[in-house]
Amino acid sequence: LVLAVGVLAIALTVMGIQVYLAARVAPQVRATALGGYNAFLQAGFGLGPLLAGTMSDARGFGAGFASAGVAGLVVALVAAGIAVSSRRRVTRPPS
């Protein structure tokens, strides 16, 4: 039951982010935005267990979870910085 709920939560989150991106991004760059999202998602699915497993083997499970949390925090901060800088570059026509 826990596994089924977890898989459902991940699926709904992934789909929700894709729908949000499709709604918020200009049609000219929609495919690029969704492709970039998918590339980073798959990289995380591939590299996350490798990083956490290596740290868990070397230092224990706590270090594995901590390394995954730190990596997620770093990625979130970088993404936030990119989002803020891209908003500053956009010039809106006067209304």
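All figures in this text were calculated on a predicted structure; none of them were measured in a lab. (Residues numbered from 1 in each chain as written. Predicted model: local features only at pLDDT ≥ 70, side-chain atom pairs only at ≥ 80, totals over all residues. Heavy atoms only, no water.)

A. Summary view of the overall build of the chain. Per the secondary structure count, the chain includes three helices and zero strands. Mapped from its N terminus to its C terminus, the chain presents α and β elements in the order α-α-α. For the chain, whose C-alpha radius of gyration is 17 Å, the value lies well above the compact-globule estimate of 12 Å for 95 residues. For the chain, the spread of C-alpha atoms along the three principal axes comes to 55 × 30 × 20 Å. (Helix = DSSP H or I, 4+ residues; strand = E, 2+ residues; numbered from the N terminus. Rg over C-alpha atoms; globule rule 2.2 N^0.38 Å.)

B. Layout of helix α2 (residues 30-59). Here α2 is 30 residues long and its end C-alpha atoms lie 42 Å apart, about the 44 Å a rise of 1.5 Å per residue gives. Of all the bends in α2, the greatest reaches close to 30 degrees and is centred on leucine 47; the proline proline 49 follows between one and four positions later. Three or more residues of α2 are buried, namely Tyr37, Leu41, Ala52 and Ser56. Downstream of α2 by a residue or two, glycine 60 has a phi angle that is positive, lying close to 105 degrees. (Expected span 1.5 Å × (residues − 1). Bend = angle between axes of the 7 residues up to and from the residue. Buried < 20%, exposed > 50% of the residue type's maximum accessible area, 1.4 Å probe, protein only.)

C. Spotlight on the nonpolar core. In terms of nonpolar packing, the biggest core is built from five residues, these being Val14, Leu21, Val25, Tyr37 and Leu41. Elements with a contribution of two residues or more to this core: α1 (2-24) and α2. (Core = buried A, V, L, I, M, F, W, Y, C linked by side-chain atoms within 4.5 Å.)

D. Seen up close, the side chain of serine 67. Residue placement: serine 67 occurs in helix α3 (residues 61-89). Assessed through its relative accessible area of 13%, serine 67 is described here as buried.

E. Fine view of the side chain of serine 56. By the element assignment, serine 56 lies in helix α2. A residue is classified by how much of its surface remains accessible, and serine 56, at 18% relative accessible area, is buried.

F. How the structure looks around the environment of valine 14. Its location among the elements puts valine 14 in helix α1. Taking the relative accessible area as the measure of exposure, valine 14 reaches 18% and is therefore buried. Along the primary structure valine 14 and proline 49 are separated by 35 residues, whereas in three dimensions their C-alpha atoms are 18 Å apart. Not counting the four nearest positions on each side in its chain, valine 14 is found in contact with Tyr37 and Leu41. (Contact = heavy atoms within 4.5 Å.)

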